[in-house]
Amino acid sequence: MLSHDIDYRIIGSDIQVLEVELDPNETVVAEAGAMVYMEEGIAFETKMGDGSEPDQGLMGKLFSAGTRLITGESLFMTHFTHRGHTAKSRVAFSAPYPGTIIPLDLRSLPQGLIVQKDGFLAAARGTKISIHFNQRFGAGFFGGEGFILQKLTGDGKAFIHAGGTVIEKRLNSEILRVDTGCIVAFEPGVDFSIARAGGLKSMIFGGEGLLLATLQGTGRVWIQSMPVKKLIQALMPNGSNAGKESGGVLGRLVGGVLDE
């Protein structure tokens, strides 16, 4: 199914809003609860699945919805369609936490894009949103993004969101080591694995955690400066100070023993 050709604009800088402009009968698909406002003529319907396979039977829809549950997302997605008589009508969405919205043209990503499990925000109808199993169990188990990620494929526009500032890096048979929670998305040509964070002393007292993600290959990688887990930690009473003073998980344990 060809994706609908939607127009958009991104409003704001720190806590952004995505406004999508629809022509009559155009549809955008979004995560349940992401809508901020919609103009007259926009009708919405909650469905199982992304609508990329309109002839899909009941079992196929149930399977598609089940895979979303595995990734930790809602069972349903909301389809917003311009059903009015005006030439244009708009609907807007926001991410669930402060950060950056990244617009993507999937035509430039013929192999699709692999995204962290809570990174998808919205897409033109016709975009296929499926699961991606990390082939390296260690990366999935320890990588902060889980064993199961999401994969976006299609020929239209899609939008993902990330915490803080987003940096796009292009690898050319190179290696990039990243904090495990800071990976937003990467192209299938990039291999995602987990490596030990330096020597034993660095692992215990370095404050960077026990493991780092290693991205290797050719393709684009998107990195976020403030994963939601770090944001929650920073907002907790004494959360950020505790992490800096003790330097990681084992460091906190050692610190607790020394304080007694």
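Scroll up to find the structure.
Residues numbered from 1 in each chain as written. Predicted model: local features only at pLDDT ≥ 70, side-chain atom pairs only at ≥ 80, totals over all residues. Heavy atoms only, no water.

Participant: Outline unusual backbone geometry, supporting the account with residue identities and numerical values.
Facilitator: Residues other than glycine seldom take positive phi values, yet Asn25 does so here, at roughly 70°. Looking at the secondary structure, you find Asn25 in the loop between β2 (17-22) and β3 (27-31). Of note, Ser173 is a non-glycine position whose phi angle comes to about 55°, a positive value. Locating Ser173 in the fold gives a position in strand β14 (residues 166-178). When its relative accessible area of 64% is taken as the criterion, Ser173 is described as exposed. (Helix = DSSP H or I, 4+ residues; strand = E, 2+ residues; numbered from the N terminus. Buried < 20%, exposed > 50% of the residue type's maximum accessible area, 1.4 Å probe, protein only.)

Participant: Describe the sheet that holds strand β1 (residues 7-11), and please don't skip the residues or the numbers.
Facilitator: Strand order across the open sheet formed by 4 strands is β1-β2-β7-β4, with antiparallel pairing between neighbours. The two strands at the open ends of the sheet, each matched to only one other strand, are β1 and β4 (35-38). Each strand of the sheet is rotated relative to its neighbour by a mean of 20°, with strand direction disregarded. Relative to β2, β1 runs antiparallel, the two sharing 5 bridges. (Pairing = 2+ DSSP bridges. Axes fitted to C-alpha atoms, helices over the stretch in contact; angles between N-to-C directions.)

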